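Descriptive analysis of the structure
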Amino acid sequence: MIRSASDEDLQAITDIYNEAVIAGGSTADLTPRTLEQRHEWVAEHKPRHDFPVVVMEDETGNVVGFGSLSRFHPRIGYDGVVELSYYVATSAQHQGYGTQIVSWLLAKARELGNRKAIGLIFASNSGSIALMHHFGFTRYGFLPQACWNGHGYLDMSYWYLDL
């Protein structure tokens, strides 16, 4: 089940995100985020109707992932272009949750009248790149050595989908 994230979900969102921070390869953050920092991140998605933050529950009601639609750029001329982000708990990966979250986010982006969805993915993140291909995204850019991950530089790939 995918539903709007609530304050009660902040700990699960923080835990899942911090798993990604520690594992590396899917976020540019180098240190785990605090609950307050994740709260601020959720609060930046306003209005929430247009920029939702959602959680994915498994069949037992545990939060196993989360996703969001974010403003691509603050300048008004970019309205209608949203960046999608999603994270799945390590224990729940490779079970279709990421596909379900991205599918929901794309449907919501279309429902809201957006023109394009954007994804920024480390070029070494083969799982997320496969998901972009699955949904018909096109790679429109590649930035070598874009991000220091604490051990080395990672290349960044940029993806878009016309909605």
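That block above? That's the structure.
These numbers were taken from a predicted model, which means no experiment stands behind them.

Parameters and conventions
- Residues numbered from 1 in each chain as written.
- Predicted model: local features only at pLDDT ≥ 70, side-chain atom pairs only at ≥ 80, totals over all residues.
- Heavy atoms only, no water.
- Helix = DSSP H or I, 4+ residues; strand = E, 2+ residues; numbered from the N terminus.
- Contact = heavy atoms within 4.5 Å.
- Phe/Tyr/Trp six-rings, centres within 6.5 Å; stacked < 30°, edge-to-face > 60°.
- Buried < 20%, exposed > 50% of the residue type's maximum accessible area, 1.4 Å probe, protein only.
- Pairing = 2+ DSSP bridges.
- Axes fitted to C-alpha atoms, helices over the stretch in contact; angles between N-to-C directions.
- Parallel < 35°, antiparallel > 145°, perpendicular 65-115°, else oblique.

Within the fold, Tyr158 resides in strand E7 (residues 153-162). Taking the C-alpha atoms as reference, Tyr158 lies 20 Å from Val21; in sequence the two are 137 residues apart. Each residue touching Tyr158, except ones within four places of it in the same chain, is listed here: Gly119, Leu120, Thr138, Arg139, Tyr140, Gly141, Phe142 and Leu143.

What follows covers the packing of aromatic side chains. Evaluation of the coordinates by the stated rule reveals 7 aromatic pairs. When the ring of Phe72 is compared with that of Tyr78, the centres are 5.8 Å apart and the planes differ by 65°; the resulting orientation is edge-to-face. When its relative accessible area of 29% is taken as the criterion, Phe72 is described as partly exposed. Looking at Tyr78, the relative accessible area reads 37%, which means it is partly exposed. Joined through ring pairs, the aromatic side chains of Tyr17, Trp41, Phe66 and Tyr87 make up one cluster.

Pairing geometry for strand E5 (residues 116-122) and E7, over 7 bridges, is antiparallel. Bridge pairing in E7 places Ala117 opposite Leu161. One ladder, built from 7 bridges, connects strand E6 (residues 138-148) with E7; its direction is antiparallel. Within the sheet, the bridge partner assigned to Trp148 lies in E7 and is Tyr153. Counting the residues between successive antiparallel strands, the hairpin from E6 to E7 contains 4 residues, one of them, Gly150, with a positive phi of roughly 100°.

The geometry of helix H1 (residues 10-23) relative to helix H2 (residues 35-43) is characterised by a closest axis approach of 9 Å and an angle of 105° between their N-to-C directions. As far as their axial angle goes, H2 and H1 are roughly perpendicular. Where H1 abuts H2, its residues Leu10, Gln11, Ile13, Thr14 and Tyr17 lie against Leu35, Arg38, His39 and Val42.

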